[in-house]
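Inside the fold
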Amino acid sequence: MKQFKFFLSLVFTVAIFYGLNTKFGSIPPVGKFLNPYTGVWQNEKSTDGFQGIENLQGLSQPVKVHYDQALIPHVFAQNDEDLYRAQGYITAQHRLWQLEFQTHASAGRLSEVVGSAALDFDRGQRRKGMVFGAENALKEMQKLPELVKNLEAYRDGVNSYIETLSPADYPLEYKLLDYKPEPWTLKKTALLLMYMTDMLAGGDSDLEYTNFLKKHGQERFDLLFPDFFDIDDPVIPSERDWADFGEVEVPDVPEGELPKDYVSGLLPKPHPDNGSNNWAVGPGKSYSGNPILANDPHLGLNLPSIWYAMQLATPEKNTFGVTLPGAAGIVIGFNNDISWGVTNATRDVKDWYKITFEDESRNRYRHRDAWTNTDKKIEEIIVRGGETYYDTVVYTHHGPVTYDASFSGNDELIGYAMKWAGHLGGNNQQTLLELNKAKNYDEYKSALKHFVAPAQNFIFSSREGDIALWVQGKFPNKWEGQGKFLLDGNNPDHDWNGFIPQEHNAHVKNPDRGFVSSANQHPTDASYPYYVFNDGYEAYRNRVINDFFRSKEKFDVQDFKDLHNNNYNLKAAELLPHMIANIDITQLNPEEEMLLGEVSGWDFYNDIDKNGATIWERWWIRIRNMVWDELAEEDLDMPYPFAYQTIYLLKNAPGDKFMDIMETEKVETASDLFLLSFKEAAKDIKNWKENNQGYNWGDYKSTFVGHLLQALPAISRFDLPIGGNSGIVNATSRNHGPSWRMIVEMSDPPRALGIYPGGQSGNPGSKYYDNFVDTWASGEYLELLFMQDDSNTSGIMFSQTLTPKQ
């Protein structure tokens, strides 16, 4: 990128930083930032061309690295330690700032970098027990000496690169924020994995559900938040017979009442659309007889991208896919024998307990009708430009007391403790490394047993012709209703008293229907013998995907590409005709009639040129808010009912009391809301048109991929022409969506396509910073170069040899 894209707006960017003191705290010295020898100007020099021979401390043998035309490194080492040392070194070369910044966020250390504006965020991270969970995971990792060697090699590779840097070489973001990189550690790898655990399994609604229950009662709750939808098409096909589980023990529902406290001021939740699609067809449904697998995890759209693509090979394995900068191995990908991917399983693995303290010292709490000692951790939060903040976090046997009198609480003797699978200390890193070298179903299955949280739907295909899917995590074996609401921290029957056996996690291999898939929907139907409740399962994408694979006998790679990019809006298709049929058109003005006619002719596809998609979106938002105006008016944190149940109510209970608008004297019905909400949507469209040429879906949605710091518009990408939306298979909303699309056919060798919305380099001065974005937005892919050895360099741009440092 000539003269950096952001140089054209450098003054503007610096002004933004001055204007955002409330968000970013201390501003770096401008003179230091603009120093021609060590400042931002040095970052114009692209450092993509790492080629020739470099010495790397700790290598036992040379490592060959070939960079293809997309700047994807293909790493060939003679052993695992050298491989992961090289991976750490190469990742740091291209993604150092991102690699470190995410672990600062995970550990609650952003105040050290950006000042007091991040203090509440950091306190929340500490009170969620993020470091506690990382330390427990690290203990599990350290039980496996071979794993420790590999992680230490990765660590040393990162640090070897850091040691080569002078201040002039620091990535741009260090200069903008005026700080420097610190040494990488194994604990940082554990923190990175906790960051992902929190992103994917940090959401829950127990306290919001408790607020709703106390306000509106059990009957209303059960109607609006059912355990199963009437249209469930679960991850594990309903034909699955659980007889192979044998005798199953599920706890009885205990006697006694649940606490019904009102709780407010809750911590922010992860993005509600964090999820994914994956699917695979077996030989019988494949055009070639080879299994084909696809995956597209839905996450925030950021620069640098969350993913970094690599090929990692030794004489014992050859693996390709995307990595998480900071963790060893491939996360989603394939080798010569298998391919795998993941979607979020959306299981309830976080519960809340009401804690009663003996006195204001909080040294003891009530459990089993006796006073039990607490543990306390004094969290030292360094605040840049301010005084260090000390926060005392109390720990019970459940976990950390997140909310108390000093943090969103109002009673010195009451707190609310979190029990979370993320604190249990799994070994997700081991799962990834075992998958990298797995050769068949049994080795895939064995690799999963280390994986505790976040719960994931691990999809699988193999060259042997198998396809499979496991819903994997460490799941508490709950009594019916346990964890849906706030639990009694004194009552031992409310504790987690055991886990679902690993072999009883829901799974399927080679189903008769010839395909497996998941899209964050319910994992099973009601016949699954263990308790699983609906904590927000997806209701639309999964049905479109499964119906697609039921629609014909054979599928090819183009079919998979078409499905990735499918913009069909099933939610609109199921409600919009009913809305149109039940709106009083005599009350519409000519402009509103025109809009109604336009949306009536819409084909339910959220393509970029469709005006109907925009009209629908505004109408849906308006009517949803009108239906649930009672919840928006509450001072408490209240959950909005699931979209599917909102639509069910509008169609089947038009006179329900929730249809009444609180601020009017009239008692409204669904038909009234259809009219009123459409008029408001029409105003929205009119207001939009005053500042924009049109209102087609692409312009209105205006998808962007923003820099992680968000205050750097000049190095972000805006107004991307891509369709889809939340709840659609192409789940691209404004700043969220498919973060990596991959399709793998298990031929010999495998053939694969992949793309993500970013680029391999984290340096905004590089042409490889965002060069994938336009390809991704257009629905196209890169043909992934899967080298079978390091001698055939066709398609290679340049090569590098890492040699042992003498």
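Criteria and cut-off values
- Residues numbered from 1 in each chain as written.
- Predicted model: local features only at pLDDT ≥ 70, side-chain atom pairs only at ≥ 80, totals over all residues.
- Heavy atoms only, no water.
- Pairing = 2+ DSSP bridges.
- Helix = DSSP H or I, 4+ residues; strand = E, 2+ residues; numbered from the N terminus.
- Axes fitted to C-alpha atoms, helices over the stretch in contact; angles between N-to-C directions.
- Parallel < 35°, antiparallel > 145°, perpendicular 65-115°, else oblique.
- Contact = heavy atoms within 4.5 Å.
- Nonpolar A, V, L, I, M, F, W, Y, C, P; charged D, E, K, R; others polar.
- Phe/Tyr/Trp six-rings, centres within 6.5 Å; stacked < 30°, edge-to-face > 60°.
- Buried < 20%, exposed > 50% of the residue type's maximum accessible area, 1.4 Å probe, protein only.
- Lys NZ or Arg CZ within 6 Å of the ring centre and 35° of its normal.
- Polar contact = N/O pair within 3.5 Å; in protein donor to acceptor, adjacent residues only side chain to side chain.
- Core = buried A, V, L, I, M, F, W, Y, C linked by side-chain atoms within 4.5 Å.
- Domains from an automatic or database assignment.
- pLDDT = per-residue confidence, 0-100.
- Salt bridge = Lys/Arg side-chain N within 4 Å of Asp/Glu carboxyl O.

Moving on, we get to the sheet that holds strand β11 (residues 350–356). Strand order in this open sheet of four strands is β16-β17-β11-β20, and the pairing throughout is mixed. Single-partner strands in this sheet number two, and they are β16 (401–403) and β20 (487–488).

Here helix α9 (residues 145–163) crosses helix α14 (residues 428–437) at 90 degrees, and the two axes come no closer than 11 Å. By the angle between their axes, α9 is roughly perpendicular relative to α14. Residues Leu147, Asn150 and Leu151 of α9 lie in contact with α14, whose contacting residues are Gln429, Gln430 and Leu433. Split into classes, the residues belonging to the contact of α9 with α14 amount to three nonpolar, three polar and no charged.

Bringing the packing of aromatic side chains into the picture now. In this structure the tally under the stated criterion is 48 aromatic pairs. Between Phe548 and Phe549, the ring centres sit 5.3 Å apart and the planes meet at 80 degrees, which makes this aromatic pair edge-to-face. A residue is classified by how much of its surface remains accessible, and Phe549, at 1% relative accessible area, is buried. Pairing Trp616 with Trp620 gives two aromatic rings, centres 5.9 Å apart and planes at 20 degrees, and the pair type is stacked. Separated by four residues within a single helix, Trp616 and Trp620 lie in helix α20 (residues 611–627), roughly one turn from each other. Summarising the burial analysis for this pair, Trp616 and Trp620 share the class buried. Of the aromatic side chains, those joined through ring pairs into one cluster are Tyr209, Phe212, Phe221, Phe225, Phe229, Phe485, Tyr540, Phe642 and Tyr644. Its guanidinium or amino end placed over the ring of Tyr441, Lys509 lies 4.3 Å from that ring's centre, counting from NZ or CZ. Stacked on the ring of Phe515, the Lys or Arg Arg513 has its end atom at 4.0 Å from the ring centre.

Attention now goes to the pairing of strand β23 (residues 703–707). Most of β23 is tucked away, with five of its five residues classed as buried. The pairing of strand β6 (residues 302–303) with β23 spans two bridges and is classified as parallel. By the bridge assignment for β23, Asn302 is matched with Gly706. Taken together, the two bridges between β23 and strand β24 (residues 717–720) define a ladder with antiparallel strand orientation. When the bridges of β24 are listed, Val705 appears paired with Arg717.

Turning our eyes to something else, we now look at the environment of Glu182. Positionally, Glu182 belongs in the loop between α10 (172–177) and α11 (186–201). In contact with Glu182, not counting residues within four places along its chain, are Glu100, His104, Arg109, Ile162 and Lys188. Here the side chain of Glu182 touches Arg109 through a polar contact of 2.8 Å, side chain to side chain.

A word on the sheet that holds β24. Spatial strand order, β6-β23-β24: three strands in an open sheet with mixed pairing. Of all strands in the sheet, those with a lone pairing partner are β6 and β24, marking the two edges.

Here we come to the packing of helix α19 (residues 590–600) against helix α23 (residues 670–691). It is at 10 Å that the axes of α19 and α23 come closest, and there the two elements cross at 95 degrees. In terms of orientation, α19 and α23 fall into the roughly perpendicular class. Across the interface between the two elements, Glu591, Glu592, Leu595 and Leu596 of α19 pack against Phe678, Lys679, Ala682, Ile685, Lys686 and Lys689 of α23. For the contact of α19 with α23, the class distribution of residues is five nonpolar, no polar and five charged.

By size, the foremost hydrophobic cluster in this structure holds 227 residues, and its most contacted members are Val75, Trp307, Tyr444, Phe549, Phe560, Trp616 and Trp619. At twelve residues, helix α5 (residues 80–107) tops the list of elements feeding residues into this core. In this structure, this core is formed jointly by two domains, domain 2 (204–508 + 519–564) and domain 3 (570–701), each of which donates at least three residues. Other than its neighbours up to four places away in sequence, Val75 contacts Val63, Lys64, Val65, Leu83, Ala86, Ile90, Met310, Gln311, Leu312 and Ala313. Counting residues in each nonpolar core, the second largest holds ten residues, with Tyr353, Phe357, Val401 and Trp479 among its members.

A few words on the confidence of the model for the protein chain. Within the protein chain, residue pLDDT values average 93, and 94% of them lie at 70 or more. Note on residues 1–27: pLDDT under 50 across the span, and 59 contacts to partners over four residues away in sequence or across chains.

The next point concerns helix α12 (residues 206–216). Among the eleven residues of α12, eight are classified as buried, and the element is accordingly described as predominantly covered. Against the buried residues of α12 lie α13 (218–224), β11, β16 and α21 (629–633). Downstream of α12 by a residue or two, Gly217 has a phi angle that is positive, lying close to 90 degrees.

Turning our attention to the environment of Arg126. Turning to its location among the elements, Arg126 is positioned in helix α7 (residues 119–127). Under the relative-accessibility criterion, Arg126 is labelled buried at 9%. Here Arg126 is in contact with Ala107, Gly108, Arg109, Glu379, Glu380, Ile381 and Tyr395, once residues within four sequence places are set aside. A distance of 2.8 Å separates a polar side-chain atom of Arg126 from the backbone oxygen of Gly108.

Right, let's get into unusual backbone geometry. Of note, the amide linkage connecting Leu303 to Pro304 takes the cis form, showing an omega dihedral of -10 degrees. Within the secondary structure, Pro304 sits in the loop between β6 and β7 (308–314). Put simply, Asp748 and Pro749 share a cis peptide bond, and its omega is -5 degrees. Tracing the chain through its elements places Pro749 in the loop between β26 (741–745) and β27 (751–755). In this structure, Asp369 is a non-glycine residue whose phi angle is positive, near 60 degrees. Mapping Asp369 onto the fold places it in the loop between β12 (364–367) and β13 (370–373). Look at Asp369 and you get exposed, because its relative accessible area is 56%. Even without being glycine, Ser408 reaches a positive phi, approximately 65 degrees. Here Ser408 lies in the loop between β16 and β17 (414–420).

Right, let's get into the pattern of salt bridges. All told, the structure shown has 42 salt bridges when counted by the stated rule. Here Arg109 and Glu112 are joined by a salt bridge, their closest N and O atoms 2.8 Å apart. The exposure class assigned to Glu112 is partly exposed, which follows from its relative accessible area of 25%. Salt-bridge contacts for Asp672 lead to Lys666; the nearest nitrogen and oxygen are separated by 3.2 Å. Here the salt bridges share partners, and the residues they tie into one network are Arg123, Arg127, Arg362, Asp391 and Asp404.

Within the secondary structure layout, His367 lies in strand β12. Of note is the side chain of His367, whose polar atom sits 3.0 Å from the side chain of Asp495. Residue contacts for His367: discarding those within four places in its chain leaves Thr372, His397, Gly489, Asn490, Pro492 and Asp495.

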